[in-house]
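Given next are the chains, with one letter for each unit.
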Amino acid sequence: MMRTHVWFLALAVVLAGVVDVGKAQTTVSISATASHPVPTTMFGQMFEDISHSGDGGLYAELLQNRAFQLVTPGTTAALAGWKSINSSVAVIAETTPVSSALPNALQLTVPAGNIVGVGFANVGNSGLQITPGNVYKASFYYRFPAASQFRDNLVVSLQDGVGTILTSTKISISGSQTAWKQVQVSLSTNLTPGSFANMFAITVNGNSAAGENINFAMLSLFPPTFKNRENGMRIDIAEALAEMKPSFFRLPGGNNLEGQTFATRWQWNNTIGPLVDRPGRVGDWSYINTDGLGLMEYFHWCEDLGMEAIMAVWAGYSLSGASLPENQLGPYIQQAIDQINFVIGDPAKSAAAAQRAALGHPAPFPLKYVEVGNEDFFAATSYVYRWHDFVTALQAEFPDLHFIATSDTFNPILSPNPTEYDIHVYQTPTWFAQNSFIYDGFERNGTKYFEGEYAAISTNANNLFGSPAQGRLTFPTMQSAAGEAAFMTGLERNSDIVFAASYAPLLGHVTNNQWTPNLLAFDAGNVYRSTSFYVQKLFSVNRGDEYLPSTLPDKLGTVFWSVVRNTPSKEIVIKISNTASSAAVLTFVLPFTNVDSKGSLQLLTGNATASNTPTTPDLLVPVTSSIATGQTFNYTAPAVSVSVLTLRAF
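What comes next is a walk through the structure.

The rules behind these values
- Residues numbered from 1 in each chain as written.
- Predicted model: local features only at pLDDT ≥ 70, side-chain atom pairs only at ≥ 80, totals over all residues.
- Heavy atoms only, no water.
- Axes fitted to C-alpha atoms, helices over the stretch in contact; angles between N-to-C directions.
- Helix = DSSP H or I, 4+ residues; strand = E, 2+ residues; numbered from the N terminus.
- Parallel < 35°, antiparallel > 145°, perpendicular 65-115°, else oblique.
- Left-handed = near helix turned anticlockwise from the far one by under 90°.
- Contact = heavy atoms within 4.5 Å.
- Nonpolar A, V, L, I, M, F, W, Y, C, P; charged D, E, K, R; others polar.
- Pairing = 2+ DSSP bridges.
- Buried < 20%, exposed > 50% of the residue type's maximum accessible area, 1.4 Å probe, protein only.
- Arc of directions from axis to C-beta.
- Phe/Tyr/Trp six-rings, centres within 6.5 Å; stacked < 30°, edge-to-face > 60°.

**Side note on the packing of helix α8 (residues 478–493) against helix α9 (residues 531–541)**
Then, number 1: Direction vectors running N to C along α8 and α9 enclose 25 degrees, while the axes themselves pass 8 Å from each other. On the basis of the axis angle, α8 is roughly parallel to α9. Crossing hand, α8 versus α9: right-handed. Residues M478, S480, A481, E484, A485, M488, T489 and E492 of α8 form the contact with α9, whose own contacting residues are T531, S532, V535, Q536 and F539.
Then, number 2: Class assignment of the residues belonging to the contact of α8 with α9 gives a composition of six nonpolar, five polar and two charged.

**Regarding the sheet that holds strand β5 (residues 88–93)**
Paired through their backbone hydrogen bonds, the strands of a sheet run either parallel or antiparallel.
Then, number 1: Here we have five strands laid out as an open sheet, ordered β5-β6-β13-β8-β11, and antiparallel in their pairing. Since the sheet does not close on itself, it has two edges, and those belong to β5 and β11 (181–187), each with one partner. Within this sheet the neighbouring strands show an average axis-to-axis angle of 35 degrees, counted without direction.
Then, number 2: Relative to strand β6 (residues 104–109), β5 runs antiparallel, the two sharing six bridges. From the neighbouring strand, V89 faces β6, where its bridge partner is L108.

**A look at the packing of helix α4 (residues 330–344) against helix α5 (residues 351–358)**
Then, number 1: Taken N-terminus to C-terminus, the directions of α4 and α5 make an angle of 40 degrees; their axes are 7 Å apart at the nearest point. Here α4 is positioned oblique relative to α5, judged by the angle of their axes. Two packed elements cross with a definite hand, and for α4 against α5 that hand is right-handed. Judged by residue contacts, D338, N341, F342, V343 and I344 of α4 engage A352, A353, Q355 and R356 from α5.

**Things to note about α5**
Then, number 1: Buried residues of α5: A352, A353 and R356, and no others. All buried residues of α5 fall inside an arc of 100 degrees around its axis, so they share one side. Facing away from the buried side of α5 by over 90 degrees, the exposed positions are A351 and A358.
Then, number 2: Contact partners of the buried residues in α5: α3 (295–305) and α4.

**Comments concerning the sheet that holds strand β14 (residues 248–251)**
Then, number 1: Within the open sheet, the eight strands sit side by side as β3-β14-β17-β18-β19-β20-β21-β22. Their pairing is parallel. Bordering the open sheet on either side are β3 (45–46) and β22 (498–503), each of which pairs with just one other strand.
Then, number 2: Examined bridge by bridge, β14 and strand β17 (residues 308–313) share four bridges and lie parallel to one another. Note on β17: the bridge partner recorded for F249 is A309.
Then, number 3: Those strands touched by α3 are β14 and β17, and its axis lies near 165 degrees from that of β14.
Then, number 4: Its contacts with the sheet put α8 on β21 (448–456) and β22, and the angle it makes with β21 is roughly 170 degrees.

**Remarks on the packing of aromatic side chains**
Then, number 1: The tally for this structure, following the rule as stated, stands at 36 aromatic pairs.
Then, number 2: Taking 6.4 Å as the distance between ring centres and 45 degrees as the angle between the ring planes, the aromatic pair formed by F249 and Y298 counts as tilted. One end of the pair, F249, is in strand β14; the other, Y298, is in helix α3, and 49 residues separate them in sequence.
Then, number 3: Under the relative-accessibility criterion, F249 is labelled buried at 0%.
Then, number 4: Seen in terms of ring centroids, Y439 and F442 are 4.7 Å apart; in terms of plane orientation they differ by 50 degrees. Their pairing is tilted.
Then, number 5: Put simply, the rings of F47, F226, F249, Y298 and W301 touch in pairs and so form one group of aromatic residues.

This is the structure we're talking about:
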């Protein structure tokens, strides 16, 4: 994710508003001969755990702070997400940890007195949705720190916000259990709670357990998951992302790859295997990452959606601004080699690949692109040697892979010469429209480009990263989506050198976030599809396999288009962005003998400043209708709109 770097080119004309034009008619003549194939990787998704997009978002785990990872025992902050029920609870440094990765535990102290339900509860990640009929899988470890004669039941339950039990089950436990024991139960209810303010609770009979201490570790609660994956994805968010039919998934970030320090960088080997063996890390967006959503889960997710992975490896730079000296890179280069081997290596030749096989995937995952670092224009000087040393070693091990550079293009000069660059830009809606020709001016020298992060985030060109009062967008607007669509017509036109593109950020909680706007917003039980989401979906779903040249738009105009052909279906797809506050009339001239008299129109339009929000989630959605077409036909693009016209022609 971009921090303060803003990509400016000489072509940029930075204006914040929408320009008015009259209804002048524009004639667009389309060529029958394709200029180039459209890459199969053209449109996809960029992911990092920001704004609780992973933990508390796509990753389906419902409990917050489930394993007390990287918290300070004895503090109130260590109990984030937890509350006591007629008892005393504290996070302790376990004398006998459940694993070396998880040194902390929750200790329940049962007071004396005639109290029936004594225990603790978890309130979830900004809420906890409970859906009638769903089966929830709960698990936890427990032990008694000192043996006793106690014998009774734990009651594991789902409760609403006032403590009404929605469903429960009993587990027999004994005070003789001084070693850790895992409990797994299923919970389901036919009751409908009135809100997301629900709880997962564990209680014990206060009469029989008075004076006892019981320790708990690695507690978990999962709803049904996407495609029933164990440790999988939240269904509604996963289904929304699948709607886009993405071709690739960039992982694991983004800033969240880098770490605030070298020690807190993302490390692949800490994200695999049993959850009890994953220590977690202090993420780069102000909260702890459980790493339950780890490298194996990422690649299962890619399998489930039929996406290619664009995987990043850490490359010696932290967000503190520090770069590793060149003579210290060796172990980190080896860690990158091991990470790639975990994904594609031969289990008979690589210990990392053998770990993958042991986890149930002996065959290699597909992998073509590896990104070396993230946004290394922030440390361009050291990237010269870091890129050289990492890529020289990685190419020797993996000669078939493509390695993507993350510095500014050709500045500094890197060796080996990068075959691909990742470019990021956050700007105003009008910047995007008026820079839709940026790639037209790039030299065709064999280098390919990944527009890895882009979004219209503000209407204030002089303070892009300011507050909403200063123009920062909370949710994408119709204006911002139309500007992005204009830019995307340029990406599609230049897909001979632009091989992939992804909006960022992909996901963000509606209130518990560190960045806005986001492509999809969510809360504990809803997903909100933005105008930008619909634009990304329209471009991705309506892609072609070859680009057809046409009359070029005015570089500094307000209406933009691109034309592709879907060869198997003999369909021509015309994408149009009108960023103006008045309609635009276009005449399309097709060179084909056979043209259907009717085509389909998918239209997204509305008030320029309107957004889909939790209160108006479906204010702006694409509407499909039929339009008259022919060898020559007219189309009027409404003000501030994105249109996709599809017709058979050959």
